[in-house]
Amino acid sequence: MKRLFSSKYSANAVNAGMLVLRLGLGILMLVNYGYHKITHFSETARHMPNLLGMGTTVNTALIIFAEFFCSLFIILGLFTRFACIPLIIAMSVVLYKVTHLDFFGQGEKAALFLTGYLAILLIGPGKVSVDGMIGK
């Protein structure tokens, strides 16, 4: 019981926590959003907003890259900090453009994903990752 209320932490606990955070965010994003968009590309492209005049097909491809491939990199712990950047941008755009900064309503999921990806970007992947195993 004493350990439960302790403010001390170990490196192993931080590494295990980062593994859980990486796997949770990565799997949820990949399965719920990225995979659906990649399998229904044409339908997704029709409903995608045209941001910065790039066209809906280019926007859809960029979102799929972020939500599917970058999530896969985060799950593996490979190039983790770099993989977080497209996801942070994507969740920021969703939060700002799609949900109009509605943090406690429609934008709640985007805000949670954004917070998790920012934490991974700041802390890193942990030792239980490909990056950690190759010493990056």
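Heads up: the structure comes first, above all this text.
A brief report on the enclosed structure follows. (Residues numbered from 1 in each chain as written. Predicted model: local features only at pLDDT ≥ 70, side-chain atom pairs only at ≥ 80, totals over all residues. Heavy atoms only, no water.)

Focus: the packing of aromatic side chains
Here is step 1 of the chain: All told, the structure shown has four aromatic pairs when counted by the stated rule.
Here is step 2 of the chain: Their ring planes at 80 degrees and their centres at 5.0 Å tell us that F68 and F69 sit as a pair that is edge-to-face.
Here is step 3 of the chain: Judged by relative accessible area, F69 falls into the partly exposed class, the value being 36%.
Here is step 4 of the chain: In textbook terms, an aromatic cluster arises when at least three aromatic residues are bridged by ring pairs, as seen for Y33, F113 and Y117. (Phe/Tyr/Trp six-rings, centres within 6.5 Å; stacked < 30°, edge-to-face > 60°. Buried < 20%, exposed > 50% of the residue type's maximum accessible area, 1.4 Å probe, protein only.)

Some words on unusual backbone geometry
Here is step 1 of the chain: The phi dihedral of H100 falls on the positive side, at around 55 degrees, and the residue is not glycine.
Here is step 2 of the chain: Of note, H100 is situated in the loop between α4 (80-98) and α5 (108-123).
Here is step 3 of the chain: Classification of H100 by relative accessible area gives exposed; the value is 64%. (Helix = DSSP H or I, 4+ residues; strand = E, 2+ residues; numbered from the N terminus.)

Quick look at the pattern of salt bridges
Here is step 1 of the chain: What the rule picks out here adds up to one salt bridge.
Here is step 2 of the chain: Residue E67 is joined to K37 by a salt bridge in which the shortest nitrogen-to-oxygen separation is 2.8 Å. Taken together, the positions of E67 in helix α3 (residues 56-76) and K37 in helix α1 (residues 11-39) put the pair 30 residues apart, joining distant regions of the chain.
Here is step 3 of the chain: Residue K37 is classed as buried on the basis of its relative accessible area, which comes to 17%. (Salt bridge = Lys/Arg side-chain N within 4 Å of Asp/Glu carboxyl O.)

A few points about α1
Here is step 1 of the chain: If you check α1, its first and last C-alpha atoms are 40 Å apart, about what 29 residues at 1.5 Å a residue would give, namely 42 Å.
Here is step 2 of the chain: Where α1 bends most, the angle comes to about 40 degrees, and this point is L30.
Here is step 3 of the chain: Considered for burial, the residues of α1 that qualify are N15, M18, R22, L25, G26, M29, L30, G34 and K37.
Here is step 4 of the chain: Contacts made by the buried residues of α1 are with α2 (41-47), α3, α4 and α5. (Expected span 1.5 Å × (residues − 1). Bend = angle between axes of the 7 residues up to and from the residue. Contact = heavy atoms within 4.5 Å.)

A look at α3
Here is step 1 of the chain: Between its terminal C-alpha atoms α3 stretches 29 Å, which fits the 30 Å expected from 21 residues at 1.5 Å a residue.
Here is step 2 of the chain: Along α3, the largest kink reaches about 25 degrees and is centred on C70.
Here is step 3 of the chain: When α3 is considered as a whole, its buried residues turn out to be N59, T60, I63, I64, A66, E67, F68, C70, S71, I74 and I75.
Here is step 4 of the chain: Here the buried face of α3 lies against α1, α2, α4 and α5.
Here is step 5 of the chain: Following α3 by one or two positions, G77 has its phi on the positive side, about 80 degrees.

Some words on the packing of α3 against α4
Here is step 1 of the chain: Contact geometry of α3 with α4 gives a least axis separation of 9 Å together with a crossing angle of 145 degrees. Crossing of α3 against α4: the hand is left-handed. On α4, the residues touching I63, F65, A66, E67, C70, S71, F73 and I74 of α3 are T80, A83, C84, P86, L87, A90 and M91.
Here is step 2 of the chain: Residue composition of the contact of α3 with α4, by class: 12 nonpolar, two polar and one charged. (Axes fitted to C-alpha atoms, helices over the stretch in contact; angles between N-to-C directions. Left-handed = near helix turned anticlockwise from the far one by under 90°. Nonpolar A, V, L, I, M, F, W, Y, C, P; charged D, E, K, R; others polar.)

No statement about biological role is implied by the geometric values presented.
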